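Examination of the molecular architecture
Read off the chains here:
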There are 4 protein chains.
Amino acid sequence: MTLQTEAEAAFDPNADRLREECGVFGIFGHADAAALTALGLHALQHRGQEAAGIVTFDGKRFHSERRLGLVGDAFSEVSVIEKLKGKQAIGHVRYSTTGETILRNVQPLFAELHGGGFAVAHNGNLTNGLTLRRNLVRDGAIYQSTSDTEVLLQLVARSRKPRFIERFVEAIRQIEGAYAFVGMTNKKLIGARDPLGIRPLVLGELDGCPILTSETCALDIIGAKFVREIENGEVVVISESGIESHKPFPPMVERPCIFEYIYFARPDSIVKGRSIYERRKQMGAQLAAEAPANADVIVPVPDSGVPAALGFAQASGIPFELGIIRNHYVGRTFIEPTQKVRELGVRLKHSANRSVVEGKSIVLVDDSIVRGTTSLKIVKMMREAGAREVHFRISSPPITHPDYYGIDTPDREKLLAATHSLEEMRQFVGADSLAFLSVDGLYRAMGHAGRDPVRPQFTDHCFTGDYPTSLTDVVGESAKQQISLLAEAG
Amino acid sequence: MTLQTEAEAAFDPNADRLREECGVFGIFGHADAAALTALGLHALQHRGQEAAGIVTFDGKRFHSERRLGLVGDAFSEVSVIEKLKGKQAIGHVRYSTTGETILRNVQPLFAELHGGGFAVAHNGNLTNGLTLRRNLVRDGAIYQSTSDTEVLLQLVARSRKPRFIERFVEAIRQIEGAYAFVGMTNKKLIGARDPLGIRPLVLGELDGCPILTSETCALDIIGAKFVREIENGEVVVISESGIESHKPFPPMVERPCIFEYIYFARPDSIVKGRSIYERRKQMGAQLAAEAPANADVIVPVPDSGVPAALGFAQASGIPFELGIIRNHYVGRTFIEPTQKVRELGVRLKHSANRSVVEGKSIVLVDDSIVRGTTSLKIVKMMREAGAREVHFRISSPPITHPDYYGIDTPDREKLLAATHSLEEMRQFVGADSLAFLSVDGLYRAMGHAGRDPVRPQFTDHCFTGDYPTSLTDVVGESAKQQISLLAEAG
Amino acid sequence: MTLQTEAEAAFDPNADRLREECGVFGIFGHADAAALTALGLHALQHRGQEAAGIVTFDGKRFHSERRLGLVGDAFSEVSVIEKLKGKQAIGHVRYSTTGETILRNVQPLFAELHGGGFAVAHNGNLTNGLTLRRNLVRDGAIYQSTSDTEVLLQLVARSRKPRFIERFVEAIRQIEGAYAFVGMTNKKLIGARDPLGIRPLVLGELDGCPILTSETCALDIIGAKFVREIENGEVVVISESGIESHKPFPPMVERPCIFEYIYFARPDSIVKGRSIYERRKQMGAQLAAEAPANADVIVPVPDSGVPAALGFAQASGIPFELGIIRNHYVGRTFIEPTQKVRELGVRLKHSANRSVVEGKSIVLVDDSIVRGTTSLKIVKMMREAGAREVHFRISSPPITHPDYYGIDTPDREKLLAATHSLEEMRQFVGADSLAFLSVDGLYRAMGHAGRDPVRPQFTDHCFTGDYPTSLTDVVGESAKQQISLLAEAG
Amino acid sequence: MTLQTEAEAAFDPNADRLREECGVFGIFGHADAAALTALGLHALQHRGQEAAGIVTFDGKRFHSERRLGLVGDAFSEVSVIEKLKGKQAIGHVRYSTTGETILRNVQPLFAELHGGGFAVAHNGNLTNGLTLRRNLVRDGAIYQSTSDTEVLLQLVARSRKPRFIERFVEAIRQIEGAYAFVGMTNKKLIGARDPLGIRPLVLGELDGCPILTSETCALDIIGAKFVREIENGEVVVISESGIESHKPFPPMVERPCIFEYIYFARPDSIVKGRSIYERRKQMGAQLAAEAPANADVIVPVPDSGVPAALGFAQASGIPFELGIIRNHYVGRTFIEPTQKVRELGVRLKHSANRSVVEGKSIVLVDDSIVRGTTSLKIVKMMREAGAREVHFRISSPPITHPDYYGIDTPDREKLLAATHSLEEMRQFVGADSLAFLSVDGLYRAMGHAGRDPVRPQFTDHCFTGDYPTSLTDVVGESAKQQISLLAEAG
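Residues numbered from 1 in each chain as written. Chains lettered and ligands numbered in written order. Predicted model: local features only at pLDDT ≥ 70, side-chain atom pairs only at ≥ 80, totals over all residues.

Now for the overall build of chain A. Across its full length, chain A carries 18 helices and 24 strands. Residues counted as buried form 58% of the 490 residues belonging to chain A. (Helix = DSSP H or I, 4+ residues; strand = E, 2+ residues; numbered from the N terminus. Buried ≥ 20, exposed ≤ 12 C-beta atoms within 10 Å, placed from the backbone.)

Shown next as structure tokens:
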């Protein structure tokens, strides 16, 4: 039971959340390409807060601006947008694990190839990236980053095919894993989604100009129209002559990542015609049916548990109340105070709303438990605020397996559900009762009768261990730090 | 109808909110005085986001750190806290109007008086500050700031009384207006509240050490105990020998500012034994009774309208739904894009949750309307998302008069309700119906039978024009910029 | 013999030089007042490198910009100069001892007095500043800085005289010590020099606009004409109606600081009709006569010893050679390398020019010895470069007493000549012979027959112990840090 | 006569000087490798002030730190040096033309090759760099910089030879131009000098550890011993097993760049057993013989003309005097003042020492004239200070041809001597007489009987047009900006 040792987690309830590794945006032919891309990236900020970049092409030259930090900070000045000239732009927001948040890894990556420049932005993770990297270096390639995305640049650079699209296809045929790419040459905007469609990519349109992006909320923010989702295994090529669609892979059944629905996508994004908000309320309602509780109030963990808590409240008829208040003015970081102060267990980001929970039996609703370190603090906060009973309800199944497709999950031994029984987890978080949504319940909330064990409708290995592709690097990977011989000094 | 011209308001729904001018915190005798003060100020951050400062005393010398920006940024490093040595500390968070946000105005202010140093932090506004300032300058005083608070320092400096507390009382007897002061000498922590108790101040305690602060939420964050509210017209002096209470003014009936309840205080703060959250829910419930609407869903304007919307929903039985989604990743500022992009009416901080509002009749709930410029955009956003009917409900009365006691209100002619009838306001914001909570309804939500016209229980001039003190400066004030002959270059 | 312990001195031959505490500049009626002031301050940069400030008046308001660092950095942008509007400006460059280099001490200081604003810049030091400060604080004054200069502001603020000039004179009559003030009101530019004329101040003119500044080189840089020196004890008042001269003190014989000639003033500045360069060459020639040496080459310590070395060479007929090369690209600071590297005795700012000194008997010429720590390193460097004999010659007398008039001298016990005989000093620096210019020789180089013991022509207490004014604060001063109760956190 | 239009040149007498493009340093096996490299680069700072970098290897990983600015600023903190772990280090200082001073071009460049990492620093310029770059990109190479140096990395990366040294030799055999390389692998320090030895490289030693660097002054600063110069066309490989020398090119007669002697090298550096200072004095003496002048004083243009002026003075018997004073406190930049102020012709970096030149006939000595724009200002300054006659003497021949080997010369039409006769030049600079050192005179000052027209002893095309290698890129180069398709945004 040594899971709760990470002191800094005390200060950030989000410290125990999973991180998506990116959002992408591209637009073709619009006079305000860079400004619109910045706005689109701002709407995708929940997919990555560590860095952002935009590359544009002005008919003659490419322009690049890549920065650490939020889009609203990095691209906050007119002067920055003005430098990003041109009617074509692609952009990227990024989350990455500590140590690799270095400027040379910030996307879009760019290379000057024979025939012209090529920029690319990537959401996802390649499961044979390291293996390909080693082979290419043996063959004389020099890498500018430690990002797996650069493999794509190197493969395209080395292809001998005459047309660019042939070179691109030759490259993606060699890679494995999950990806939504948005790329740009001096003539084309290119989108590509992996054969299973694990990572999302949609096509939109503004003033007749095509847009490719991760979620519909990036279309909404600029008033763009949703056209359609890019299909799994599809490559779209957008140019002056219109939009071509290529299908370079054998046909497969789509299997999108279920975590987009539970967790990553913004509530107002629409996937397959239904809002994420509705799906999450449905998960809450399904949870109320599977694991009811006799309680006085429903209290969401803000903001992750709010839609599911509303669904739970409406299904159960128990009142929804804000038992936890969020402080919106949290700066970039905060003091690491003295040991004494640390022991106070200070809550910088949330506080209990005592008048709501005092003397009550409450149902506390969140969307997931990863390590459990934050959950136990929230339960404790509720008890200290006078809650008589705390029934903890999680609107997704227990996470038992790590991800290798672009979600930053901890090692398996740090996943609470991988090493604890349900009863042990209940004791760990200190709740009076604990329940998770079942896997079939999750699929039902998504509109299916249940999980199809033969052809599962979603990528759901975190709950089931059923990985949808081969994991080439995982087998051979010695240690992550060996990617680079160069220790970044700063 | 020229009210909607401010383009930048398009980007920030909070652009049309009133600003409180400060929060204060002081602690006496605690080994972690500076760290606890920083945490207390963080909990008070909603009272002022432009600057923060802390002054400590270490038994020999005072230490001061005053910075522009959020507490979590300004006091984020151990090294800063370590510089602030000592067991006594006072701190301040500040909002101020543009142009005066200069470092020399950031509080606590400090002066070296005969007999030792004196630091002071102030929430409120003096209505005879300019008049006193001119008299003192005529008498040879040199000011270091343009803050009205410095008048107190100068008056104390010039008093010929032998004991410090006598000098302090002589000073506050000369000032008029609203104030909650927290001051510190090399031996004492001092708190003072104006004769009507317009601004709040409470006494708490941690590990036996007294604390003075604006709201109970600043006690909760560090696990301190609430002791009592400082009374209107009371001066408390905290020293090694304990807590003394002085009453230097003739007794008056308390008349706290009603806006603290409606608007400024954090929902989890407790005033007079009841949580602000409960009071706001009650305002929403009262509003549902006064101005019901036949609608499908209740939609709060986040986050200001959430408690009242929950109260309205529970009282009316209509479901509460998140029809507006807030983007939590807004950076410091954001691009001012091209004219074309500006015309898109981009929503950087909020977006409509179309699935909730499309085809529905909705009740939109907010806590107030100031200029109305934001309200009309939110109504428009709801309509563009497909709302069939928009019934706008405001959980406080119309604001018709400016404040002079520490709330930054626009000039009277910019207050929508000061120049428009209810029907004109409805047309301006574009709602199908519009209703405000009545003044008596507001008092009822606060637990009274209604407003006592002879001895009103609250300071409520913004709704009624009934100012509780004389306005010495307002009469004689020529123009605000004449306070200083020095135009701050940076 | 513990004088050589300061390791950092190893890296900076200037670490052992005395520091002047300021240069001033003011101009009246010129459209480019701020730009010209910045240029004038740049020419005075040798008088203070730690901070610089400019205050202007535009007919309505004052504008102030005060910054740490060099003039060329602090005032390098057009935008800064553009903020400093108006045709009247005063400016200041400052050197100060560590710990007090805080922004609130950077001059010009400014105060809003009854009757209007007043800005002042000061070169010198008041010997009763602390005493006056304490009296004023007892009387209710609040100080904004720890600078002795602020005493002048407070005294002027409190004067009850009707005209500004009367208030100013009443103030300077109360102060003692050395000063050259340049002040500015909304109508006037004011210059004042102490009764003995210890610190310099000259009047110039450009395009018909009067200028007051510390040295003529600040006139030369902008092509201004030299008019005359301000006399000792004179106050000049410059306004639209011309230049008035006041003599508020009883007449005294001028006694300027001899260190300006030896050390501080720029070689191209003209004082009493003769260039500083000439005076220094003359000191070298006088030294060659007093203390000849049979040597192969004359080597100056750059850059302080160059003019005297040229004078010595021309008088002695021995060739002048650059035996020490200066590195002009020294950044702000430099690494403090490992212990091993430190032991190498690295010379970051100078290096020996081996081809000049190897196998030679050299005369090494410098303008002074303070602690002696640098001198011994330079002698050692010459020996390591192969010098056969090193005859060290100093073109001023031994420094035996500290200054209290604006020169930052170390405590008496750290002055090499205060605690060592000539032979002990020779041994300490490691030279084959050592000689200083005699006091009478110094006066002869200045054109006198020798020092008049009854009415010495110069302020020369550092060599003679003969202080020209009373030292009120020195007697009563307990400790410097008691000036302020506030420890500046940063 | 439109040469004098560049207004900013008015502010910087160095604005018209040529720029060297780099200095290199490498050390093998020393515990303080990074600190010593920083010190060595500091001593080489005159060879490049725009950026500096150091790469180290700690036995396991490489560490890199590359920054814009001076060495003393960029590597001023212990923390930076501490990050640069390991006993092997190479470093680089860089000057480059505007627009390319971007971080990705700062050296040493680094690449992770099959077999391990490789870092390289380069002084010089490749005359077929662009041609090779295009060929390599056609073959799939991706460049990380626009530096010609990267060609070497790419060539080494693609070599199929088994041993590293064979791969390195295969690479340098393909390049043309001038170079002194210092490279580093995980086992070796490598030095290489081009077949003609145009750029300098010397071998030194400290505590038994070999050092490679551009000039001996970088050895002196750390007390290292000079061993020998690396020969033209030599490759040295330093490893645990000692120092190997390779000679991969056919033997050629050395032909070092004459500009190192005239201009670039530090005066205290030793080349071929003689100090640069001596050589320059000799050039001045030779000039006095070739072009005597009947004058009162010799005035050097500081600091470039000082050694030649001393030589001229000693040969002619005319006194050497500092007629121009340099301001040492020039910040990074300085204000661009108003038009009026600009017309004053302000001298921020130098001023006339009037007492020296007034009424005199002077010989003004400098080391070269490039565009002539600064020279005319200096002559004008001397005249305005009262010089009766100005005889301008240049201690090198007229520059008539641009360089392509690492010196940043202006286009030919901007070189004053390329487009003006001697008499036209005299009129342009406004001197009473003007003379340059003859080419044969220059060779004589270098110890030769004169220039050998068949096998010139030095690379001297700037004076003679005799380029020592083929200029592959110059013929084919279209425009410099086509090197990169990516316009660096910041």
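With that settled, consider the sheet that holds strand β8 (residues 177-184) of chain C. Residues and elements named next belong to chain C. With antiparallel pairing, the six strands of this open sheet are ordered in space as β6-β7-β8-β9-β13-β14. Where the open sheet ends on each side, the last strands, each with one partner, are β6 (109-113) and β14 (242-246). Mean inter-strand twist for the sheet, computed between neighbouring axes without regard to direction, equals 20°. As defined by bridge partners, strand β13 (residues 235-239) adjoins β14 across five bridges and the pair is classed as antiparallel. Residue pairing across strands places I238 opposite I243, the latter belonging to β14. (Pairing = 2+ DSSP bridges. Axes fitted to C-alpha atoms, helices over the stretch in contact; angles between N-to-C directions.)

Okay, the sheet that holds strand β17 (residues 297-300) of chain B next. Residue and element names in this part refer to chain B. Reading across from one edge, β17-β20-β21-β23 is the order of the four strands in this open sheet, with parallel pairing throughout. Lying at the two open borders of the sheet, with one neighbouring strand each, are β17 and β23 (433-436). For this sheet the average axis-to-axis angle between neighbouring strands, irrespective of direction, equals 20°. Its contacts with the sheet place helix α10 (residues 306-316) against β17, β20 (361-366) and β21 (389-394), and it is angled at close to 165° to β17. (Contact = placed C-beta atoms within 7 Å.)

This part is about the UniProt feature "active site" (unreviewed entry) in chain A. Under the UniProt annotation, "active site" (unreviewed entry) lies at C22 of chain A. Beyond its immediate sequence surroundings of up to four residues, C22 of chain A is in contact with R47, G48, H92, V93, R94, Y95, H122, N123 and G406 of chain A. (UniProt positions renumbered as here; feature names shortened; annotations may be inferred.)

It is worth spelling out the environment of Q282 of chain C at this point. Secondary-structure assignment places Q282 of chain C in helix α9 (residues 276-290). On a C-alpha basis, the gap between Q282 of chain C and M446 of chain C in space is 7.9 Å, while along the polypeptide they are 164 residues apart.

All names here are of chain A. The residues that UniProt annotates with the feature "binding site: Mg(2+)" (unreviewed entry) are S304, D366 and D367. These annotated residues cover 64 residues of sequence, and their C-alpha atoms lie no more than 6.2 Å from one another, placing them together at a single site. Its location among the elements puts D366 in strand β20 (residues 361-366). With respect to the element layout, D367 can be found in the loop between β20 and α13 (373-384). Leave out the neighbours within four places in its chain, and D367 touches I262, Y263, S304, G305, A308, S395 and S396.

Let us look at the packing of helix α5 (residues 150-158) of chain D against helix α6 (residues 164-172) of chain D. Residue and element names in this part refer to chain D. At a minimum axis distance of 8 Å, the contact between α5 and α6 shows a crossing angle of 130°. In this view, α5 runs oblique relative to α6, as classed from their interaxial angle. In this structure, α5 meets α6 at a crossing whose hand is right-handed. Seen from α5, the contacting residues are L152, L155 and V156; seen from α6, they are R167, F168 and A171. In terms of residue class, the contact of α5 with α6 is built from five nonpolar, no polar and one charged. (Parallel < 35°, antiparallel > 145°, perpendicular 65-115°, else oblique. Left-handed = near helix turned anticlockwise from the far one by under 90°. Nonpolar A, V, L, I, M, F, W, Y, C, P; charged D, E, K, R; others polar.)

Here we come to the pairing of strand β10 (residues 202-206) of chain B. Residues and elements named next belong to chain B. Here β10 runs beside strand β12 (residues 225-229); their pairing, made up of four bridges, is antiparallel. Within β12, the residue paired with E205 across the bridge is K225. Inspection of the sheet shows β10 paired to strand β11 (residues 209-213) by five bridges, in the antiparallel sense. Its bridge partner being in β11, L203 is matched across the sheet by L212. Linkage of β10 to β11, two consecutive antiparallel strands, is achieved through a turn of two residues, within which D207 is found at a positive phi near 50°.

A few words on unusual backbone geometry. All names here are of chain B. Of note, the amide linkage connecting P302 to D303 takes the cis form, showing an omega dihedral of -10°. Following the sequence through the fold, D303 ends up in the loop between β17 and α10. Backbone geometry at D207 places phi at a positive 50°, although glycine is not the residue there. Take D207: it is sitting in the loop between β10 and β11.

All names here are of chain A. As far as domains go, chain A holds domain 1 (15-255) and domain 2 (279-327 + 335-451). For domain 1 and domain 2, the distance between their C-alpha centres works out to 35 Å. Taken together, the 18 residues of domain 1 in the interface contact ten residues of domain 2. Breaking the side of domain 1 that touches domain 2 down by element, the ones donating at least two residues are β1 (19-20), β7 (116-126) and β8 (177-184). Here the side of domain 1 that touches domain 2 takes three residues from β7, the largest share from any one element. Grouping the constituent residues of the side of domain 1 that touches domain 2 by class yields six nonpolar, six polar and six charged. (Domains from an automatic or database assignment.)

What follows deals with helix α13 (residues 373-384) of chain D. Residue and element names in this part refer to chain D. Here α13 spans 17 Å end to end across twelve residues, near enough to the 16 Å set by a 1.5 Å rise per residue. Counting buried positions along α13 yields nine of twelve residues, so the element is predominantly enclosed. Within α13, burial applies to T373, T374, S375, L376, K377, I378, V379, M381 and M382. Where the residues of α13 are buried, they touch β19 (350-352), α12 (354-357), β20 (361-366), β21 (389-394) and α15 (422-429). Trailing α13 by a residue or two, G386 shows a phi angle of about 100°, which is positive. (Expected span 1.5 Å × (residues − 1).)

Residue and element names in this part refer to chain A. The predicted model of chain A has a mean per-residue pLDDT of 89, with 90% of residues at 70 or higher. Between residues 1-13, whose pLDDT stays under 50, and residues either more than four places distant or in other chains, the model counts 23 contacts. Scoring the predicted complex yields pTM 0.88 and, for the interface, ipTM 0.90. (pLDDT = per-residue confidence, 0-100.)

Moving on: helix α15 (residues 422-429) of chain C. Residues and elements named next belong to chain C. For α15, every residue scored as buried is listed here: M425, F428 and V429. In a view along the axis of α15, the buried residues occupy a sector of 85°, so they form one face of it. Buried positions along α15 lie against α13 (373-384), β21 (389-394), α14 (416-419) and β23 (433-436). (Arc of directions from axis to C-beta.)

So, on to the environment of V106 of chain D. All names here are of chain D. Mapped onto the elements, V106 comes out in the loop between β5 (88-94) and β6 (109-113). In this structure, the C-alpha to C-alpha distance between V106 and S396, residues 290 residues apart in sequence, is 32 Å. The contact partners of V106, leaving out residues within four places of it in the chain, are A51, G53, R66 and R94.

Residue and element names in this part refer to chain C. Of all seven residues in strand β5 (residues 88-94), seven are buried; the element is thus mostly enclosed. Here strand β2 (residues 23-28) runs beside β5; their pairing, made up of six bridges, is antiparallel. Along β5, the bridge assignment pairs G23 with V93. As paired elements, strand β3 (residues 51-57) and β5 share seven bridges and run antiparallel to each other. Residue pairing in the sheet places F57 in a bridge with Q88 of β5.

For the rest of this paragraph, the subject is the environment of Q314 of chain A. Along the chain, Q314 of chain A falls in helix α10 (residues 306-316). For Q314 of chain A, a count of 18 C-beta atoms within 10 Å translates into the label partly exposed. Counting along the chain gives 155 residues from Q314 of chain A to S159 of chain A, while the straight-line C-alpha distance between them is 57 Å. If near-sequence neighbours (up to four positions away) are discounted, Q314 of chain A is found in contact with A285 of chain A together with P319 of chain B.

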